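What follows is each chain in one-letter form.
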Amino acid sequence: MLRFFAFTCGMLLFIGWFGAVAPAQYAKNRKTLIAHRGASAYAPEHSIEAYRLAIEQGADFVEQDLQITKDGVLVCLHDTTLERTTNVAEVFPDRFKTVEIKGESKKVWNVADFTLAEIKQLDAGSWFDKKFAGTKVPTFQEAIDFVKGKAGIYPETKEPEFYGRLGFDMVKLLMAELKKNGLDRPGANPKTPVIIQSFSAPSLRALRRAGCRLPLVFLIDPEAPGDWISPKGMKEARKFADGIGPSKKFLDVTPDLVKWAHAEKLSVTLYTFRSRSVDRRFADVTAEMRHYLLELGADAAFTDNPDKFPK
Ligand code: G3P
Ligand code: CA
C-alpha cells in the first residue's frame, strides 16, 4: 500500500513537472522553430518587420535579445552597443567611448549611455537595406505587444553582469515586464508561451531564486564551454535550467550531448542556422537543420530563416 502511494505521488509529481516546467518542445516531442532576432535573414534583426515576417513564416517563438537603456528600459538589440545596427555615429558623433579590443582601440556607443528617447531617434534599418530606413529599435514592451497572441516569446538576458555593474537588475526588470503583461507563469497565456535564455548561469539561478517558474534555457558558448559539455555538466545545468542551448558545433564533436541532456530531462535548442552560412556538408539550411533535429535528435533550433525550417 505504502509502495503504491509512493509510486502514485511520484507519477503526479512527474506529470506536474512536465506540464508546468518542461519546455513545450520536449514534452510534446515535436521540433520547435525559434526565429533568431526575428526573421533576420529578410529584415533588420530585432525590428518589428523581422518579428512580423517570423510569425508569417510560422515561427513557434520569436527571440528578443535584451539590453537596458540609460533610463532603465529593456530594449531589443543583440549588441551592448549601437553602432553596428544603427546610425548612432552620425546622430551622436561625440557620444562614444573608446575601448581596447584585441589590442586595437575602437569607438563604441553603449546602449546604456543613451535614454530611450535618444535611441528612438536612431535609424535601425538602413544598415541592412535602404528600404528599411526609419526602422526603430523596439522596446521589449513593443515586442510583446506585437507578438502576444500570435507566437511565443523567447527573451535572452544579455550581459546581465555588465548591467549589474551599472546598477541595473536585468532579472528584476524582465520579471516585472512579464508580470505586467500576464506572462510570468507557465501556461499563463497558451498562445504566448515564454522561455527565458541566457549565457549567464548566475542570471538563470537568480531567476529561479526570484521565484520564476518559466522554462529556462542555458546557452553554452563554444568559446567558453567550461565543464558543461559532459554528463556531469548536464546534471549541474539541471539544477537551474530546463534546457540547454549549445552552438550546433558542439554536436559535431560530441553528438552524445543530446543523450546526456535528455537523460536529465533537459531539452536541446541549437543556434544558429543561417542560409548565408551553411556548412558545406549540406545542400541548404533546411538539410542542415534536418540533420541536427532529426538525425542527432535536438529538440529546437534558432534560425534566421524560419521559412526554411524542415516541415
Ligand atoms: O540565443 C541563442 C543565440 O541567439 C545565441 O547567440 O549571439 O545570436 O545571441 P546570439
Ligand atoms: Ca540570442
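All values derive from a computational prediction rather than experimental measurement. (Residues numbered from 1 in each chain as written. Chains lettered and ligands numbered in written order. Predicted model: local features only at pLDDT ≥ 70, side-chain atom pairs only at ≥ 80, totals over all residues. Heavy atoms only, no water.)

Student: Teacher, can you tell me more about the overall build of the protein chain here?
Tutor: Along its length, the protein chain carries 13 helices and eleven strands. For 311 residues, the compact-globule estimate of 2.2 N^0.38 gives 19 Å, and the protein chain sits close to it at 20 Å. Overall, the protein chain is about 75 × 45 × 40 Å in size when its C-alpha atoms are taken along their principal axes. Of all 311 residues assigned to the protein chain, the portion counted as buried reaches 53%. Considering only residue pairs separated by 6 or more positions, the protein chain has 66% of its internal contacts joining residues 24 or more positions apart. (Helix = DSSP H or I, 4+ residues; strand = E, 2+ residues; numbered from the N terminus. Rg over C-alpha atoms; globule rule 2.2 N^0.38 Å. Buried < 20%, exposed > 50% of the residue type's maximum accessible area, 1.4 Å probe, protein only. Contact = heavy atoms within 4.5 Å.)

Student: Teacher, can you tell me more about the coordination of the calcium ion (ligand 2) here?
Tutor: Reference geometry at the metal: tetrahedral coordination by four donors gives ideal angles of 109.5 degrees; octahedral coordination by six donors gives 90 or 180 degrees. Protein coordination at the calcium ion (ligand 2) comes from Glu63 (OE), Asp65 (OD) and Glu156 (OE), with a distance range of 2.1 to 2.4 Å. Coordination geometry of the calcium ion (ligand 2): the six donor atoms subtend angles of 59 to 159° at the metal centre, consistent with an arrangement described as irregular. Within one chain, the residues serving as donors to the calcium ion (ligand 2) are arranged as E-x1-D-x90-E. In this pair, Asp65 is assigned in strand E2 (residues 61-68) and Glu156 in strand E6 (residues 152-157), connecting sequence segments 91 residues apart. Its relative accessible area of 1% is what places Asp65 among the buried residues. Residue Glu156 is classed as buried on the basis of its relative accessible area of 3%. (Donors = N, O, S within 2.8 Å, 3.2 Å for Na, K, Ca; no water. Tetrahedral: all angles 85-135°; square planar, octahedral: opposite > 155°, others 65-115°.)

Student: Looking at this model, I keep getting lost on the environment of Asn87. Mind explaining?
Tutor: Within the secondary structure, Asn87 is located in the loop between strand E3 (74-76) and helix H4 (88-91). Distance in space between the C-alpha atoms of Asn87 and Tyr154 is 27 Å, their sequence separation being 67 residues. When sequence neighbours within four positions are dropped, the list of residues in contact with Asn87 reads Leu122 and Asp123.

Student: Looking at this structure, how should I read the nonpolar core?
Tutor: Nonpolar side chains in soluble globular proteins tend to be buried together. Of all hydrophobic cores here, the largest spans 77 residues; its most connected members are Leu82, Phe140, Leu178, Ile196, Phe218 and Ile244. Dropping the residues within four chain positions of it, Ile244 is found in contact with Val217, Phe218, Ile220, Met234, Ala237, Leu257, Ala261, Leu266, Ser267, Val268 and Thr269. Ile195, Val217, Leu219 and Tyr271 belong to the second largest nonpolar core, which has nine residues in total. (Core = buried A, V, L, I, M, F, W, Y, C linked by side-chain atoms within 4.5 Å.)

Student: What am I meant to see in the pattern of salt bridges here?
Tutor: In a structure, side chains of opposite charge can pair up when their charged atoms sit close to one another. This model, assessed by the stated rule, comprises 24 salt bridges. The salt bridge involving Arg281 is made with Asp252; its shortest N-O contact spans 3.3 Å. Of the two residues, Arg281 sits in the loop between strand E10 (267-273) and helix H13 (285-295) while Asp252 sits in helix H11 (residues 249-253), which places them 29 residues apart along the sequence. The class for Asp252 is partly exposed, based on a relative accessible area of 39%. (Salt bridge = Lys/Arg side-chain N within 4 Å of Asp/Glu carboxyl O.)

Student: So what exactly am I meant to see when it comes to the packing of helix H6 (residues 140-147) against helix H8 (residues 170-180) here?
Tutor: At their nearest, the axes of H6 and H8 sit 11 Å apart, and the two run at 35° to each other. Judged by the sense of rotation from one axis to the other, the crossing of H6 with H8 is right-handed. Contact with H6, carried on its side by Phe140, Gln141 and Ile144, involves Leu174, Glu177, Leu178 and Lys180 of H8 and no other residues of that element. When its residues are assigned to classes, the contact of H6 with H8 shows four nonpolar, one polar and two charged. (Axes fitted to C-alpha atoms, helices over the stretch in contact; angles between N-to-C directions. Left-handed = near helix turned anticlockwise from the far one by under 90°. Nonpolar A, V, L, I, M, F, W, Y, C, P; charged D, E, K, R; others polar.)

Student: How do you make sense of the site of ligand 1 when you look at a structure like this?
Tutor: Near ligand 1 you find His36, Arg37, Glu63, Asp65, His78, Glu156, Lys158, Gln197, Phe199, Leu219, Tyr271 and Phe302, and these make up its full shell. In the model, an oxygen atom of ligand 1 is placed 2.8 Å from a nitrogen or oxygen of the His36 side chain. When its residues are assigned to classes, the shell around ligand 1 shows four nonpolar, three polar and five charged. (Near = heavy atom within 4 Å. Polar contact = N/O pair within 3.5 Å; in protein donor to acceptor, adjacent residues only side chain to side chain.)

Student: Explain the confidence of the model for the protein chain to me, please; I cannot follow it from the model alone.
Tutor: Reading predicted coordinates in detail is not appropriate for stretches of low pLDDT. Confidence along the protein chain averages 92 in pLDDT terms, with 91% of residues attaining 70 or more. Counted against residues more than four places away or in other chains, residues 1-28, with its pLDDT under 50, gives 31 contacts. (pLDDT = per-residue confidence, 0-100.)

Student: What exactly am I supposed to notice about the pairing of strand E1 (residues 32-35) here?
Tutor: The side chains of a regular strand alternate between the sheet's two faces. Across the two faces of E1 the burial is the same, with Thr32 and Ile34 and Leu33 and Ala35 all buried. Across two bridges, the pairing between E1 and E2 is parallel. Residue Ala35 lies in a different strand from E2, and its bridge partner there is Val62. (Pairing = 2+ DSSP bridges.)

Student: Teacher, can you tell me more about the packing of helix H3 (residues 48-56) against H6 here?
Tutor: How two helices pack is summed up by the angle between their axes together with the distance between the axes. At a minimum axis separation of 10 Å, H3 and H6 run at an interaxial angle of 30°. Judged by the angle between their axes, H3 and H6 are roughly parallel. Note on packing geometry: the crossing formed by H3 with H6 is right-handed. In this structure, H3 contributes Ile48, Tyr51, Arg52 and Ile55 to the contact, and H6 contributes Glu142, Ala143, Phe146 and Val147. Residue composition of the contact of H3 with H6, grouped by class: six nonpolar, no polar and two charged. (Parallel < 35°, antiparallel > 145°, perpendicular 65-115°, else oblique.)

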